[in-house]
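A closer look at the structure
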Number of protein chains: 2
Amino acid sequence: MAATMKDIAKRTGLGLATISSYLNGGNVREKNRIKIEEAIEELNFEVNEVARGLKTNKTKTIGVIIPELNMTFCTQIITEVEDLLRSRGYATIICDCRSDEKREEEAVEFLFHRRVDGLIIMPSGKQGKHLNKFTRAGKPVVLIDRKLKEIECDCVLVDNEWASKDAVERLLAAGHKRIGMIAGPQDIYTAKERYRGYCTAMENAGLSAEDRLVAHGDYTIESGASAMKELVSQNPDMTAVFVSNYEMTMGAIIEINELRIEIPGQLSFIGFDNVEFAKANIPRLSIVIQPTQEIAGHVSELMLRRLEENGNQGERETIKLRTSFVEGKSVKE
Amino acid sequence: MAATMKDIAKRTGLGLATISSYLNGGNVREKNRIKIEEAIEELNFEVNEVARGLKTNKTKTIGVIIPELNMTFCTQIITEVEDLLRSRGYATIICDCRSDEKREEEAVEFLFHRRVDGLIIMPSGKQGKHLNKFTRAGKPVVLIDRKLKEIECDCVLVDNEWASKDAVERLLAAGHKRIGMIAGPQDIYTAKERYRGYCTAMENAGLSAEDRLVAHGDYTIESGASAMKELVSQNPDMTAVFVSNYEMTMGAIIEINELRIEIPGQLSFIGFDNVEFAKANIPRLSIVIQPTQEIAGHVSELMLRRLEENGNQGERETIKLRTSFVEGKSVKE
DNA sequence: AAGTGAAACCGAAACGTTTCGGTTATGTTT
DNA sequence: AAACATAACCGAAACGTTTCGGTTTCACTT
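Residues numbered from 1 in each chain as written. Chains lettered and ligands numbered in written order. Predicted model: local features only at pLDDT ≥ 70, side-chain atom pairs only at ≥ 80, totals over all residues. Heavy atoms only, no water.

This paragraph deals with the overall build of chain A. For chain A, the count of helices and strands is 13 helices and 12 strands. By the compact-globule yardstick of 20 Å for 333 residues, chain A is too spread out, its C-alpha radius of gyration being 26 Å. Overall size of chain A, expressed as C-alpha extent along the three principal axes, is 85 × 40 × 30 Å. With 333 residues in all, chain A has 56% of them scored as buried. A separation of at least 24 residues holds for 67% of the contacts in chain A among residues at least 6 apart in sequence. (Helix = DSSP H or I, 4+ residues; strand = E, 2+ residues; numbered from the N terminus. Rg over C-alpha atoms; globule rule 2.2 N^0.38 Å. Buried < 20%, exposed > 50% of the residue type's maximum accessible area, 1.4 Å probe, protein only. Contact = heavy atoms within 4.5 Å.)

Below, the structure written as structure tokens:
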């Protein structure tokens, strides 16, 4: 059906090796170059990447595992990563593991079996043993957002503790003392960090981080709403609240509307991620935003570099990025 | 390095063909089965999908092209499709073409070159000639959401005209006459359909669909905001507005907040897609929602079926699905 | 115990590349 | 014009599967 290098060789009268050399940027005599290019044009030949992959043991494909494609934080990063990798000739196979450890492992298996050249993963579980399959095979692994113990690899993180501390300090500076927090699952790295930031800020201000001021959700909209409800009912004196991811921010707002609580009159509010939603709300929400574009850039760059290094890898890197703060009207002085 | 079938053959004393047969579900004598399984276990052999792909001319990979991974409508569908395909052993290569026709064509090239087995695409352009590369090669193409002229393939659509007509009729039933619409780009299939639905509803009610009651955005948040501004300034007497996609709904709401317009007191509002956002707003927005899960189901099912049919394809199918309506508090009687 | 049909097995050739080691062509130097 | 260094070329083997057509083995019959 489709033309092969053999056809090109036959047509031009040249050898197979010469065609291969040409295709891989080798030197070829001018007149032969022309002949080859004509033949390629005429037969509209395209290299068979599968055959090439068999021979070179490279698929030019990167696996990406994320907890939820539906979380804007993930989507924003993925969009960018996919773009950057594709512009360098790499395809991206995305696996959404629905924040499920079991499914994450399956995805790792799936991708390994597919022989992707590298793995980019925002881990759902807290341990990384299953990822060693890749490192052992000399295939680079890049972690996003969450660090893992049992594996040595590159890693692009956000300084979550700082982000959270900063947000809470802003509330403190505005005079708030009874500050609540809607935290994430206690077993997730980023959630723990954000919680720690809250505690640090409170303690630095001479306040204790009381248990009842902290409600734990699981990063979903629903959990954000119910955490909000819990906080309000347990803390009639609470004057401000900090919510630590986008989905829960939305959930908290839904609940606040439900309860007819007025922001910032009755309650000051700082949310997380996604400027657009924050802007659409009345009043505009003050939020912490993560540098997704920058994350994507570092992740892709690290991956591509490791891929080039081809096994003889240099020292592993961990990059930590700062969040920024977008001022809204949801914090009362 | 990694074990191959040859190793298994050597180890078990069986022939290569027998191993292959076993791996592909063929029959093997009990004692041999055991020997093979032991060998596989011991050498932890895994079929090399690349080699298999070379021989079978199948990559077990589906290409997916979408306009924006960042649009929830897309993400919701993709998440589901990816899941369904992977559960049947197919990998998914996603290409985000940023709503750009040029980039869409590049993505088609890229995926074709990668020799994916099939293509799922939510087209950005309005013509589908470039997709014939796939059909000519006997590779199935499934269109999502937008129908194209120059290509014959399966297609999963939403009844946008009906959706829009239904929404507008609800506004009419609530007594509104000066109903505005924020429509999408006039060259996009779905946008045209939604616009037509609006016109039909208005005309059926004995009203004309005046030009100045319709503002066109380009499906982005920003354009939604500016379209809203335009509508308000041009139509002081407008009492209701219908916005025809999620991102523009958000934009419109941002602008409405900016302008301090009260919903539904001063303006009744019906938006599109994404229940969560609608619920988070005060008051809850009434919205049209699209059956993304159902779309994903049909798309995957069609693709898998065509893949099995393997060329001797039956009649092409076009499936059209209904939207549903979620009642909020944003429409005044 | 020989004969039988079906099931299980087998070797070798393909799939379309890359790569190794060796050969030929080119053009420069003497 | 012969000798040479270098660049360009080449054939064949390899990558790890599947598959074709043919052979062996098995479990029954007779």
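Right, let's get into helix α9 (residues 189-204) of chain B. An α-helix turns once every 3.6 residues. As a result, residues three or four positions apart point the same way. Residue and element names in this part refer to chain B. The end-to-end C-alpha separation of α9 is 22 Å, in line with the 22 Å expected for 16 residues at 1.5 Å each. Taken together, the buried positions of α9 are occupied by Thr190, Ala191, Glu193, Arg194, Gly197, Tyr198, Cys199, Ala201 and Met202. Buried residues along α9 sit in contact with α8 (160-173), β6 (179-183), β7 (214-216), β9 (268-272) and β11 (318-321). At the C-terminal side of α9, glycine 206 shows a positive phi close to 80 degrees. (Expected span 1.5 Å × (residues − 1).)

Let us look at unusual backbone geometry. All names here are of chain A. For the bond running from isoleucine 263 to proline 264, omega is -5 degrees, close enough to zero to count as cis. The backbone of serine 99 sits at a positive phi, close to 55 degrees, despite the residue not being glycine. Along the polypeptide, serine 99 turns up in the loop between β2 (91-96) and α6 (101-113). Classification of serine 99 by relative accessible area gives partly exposed; the value is 41%.

The next thing to look at is the pattern of salt bridges. Across all of its chains, the model carries 58 salt bridges over all chains by this definition. Put simply, A:Asp96 and A:Arg98 hold a salt bridge, and the shortest N to O gap is 3.8 Å. What makes A:Asp96 buried here is its relative accessible area of 1%. We note a salt bridge from B:Arg33 to B:Glu30, for which the minimum N-O separation is 3.0 Å. Of the two residues, B:Arg33 and B:Glu30 both sit in helix α3 (residues 30-42), 3 residues apart, roughly one turn of that helix. Classification of B:Arg33 as partly exposed rests on a relative accessible area of 30%. For B:Glu30, a relative accessible area of 49% gives the class partly exposed. Within this structure, A:Glu80, A:Asp83, B:Asp96, B:Arg98 and B:Arg103 form a network of salt bridges that share partners. (Salt bridge = Lys/Arg side-chain N within 4 Å of Asp/Glu carboxyl O.)

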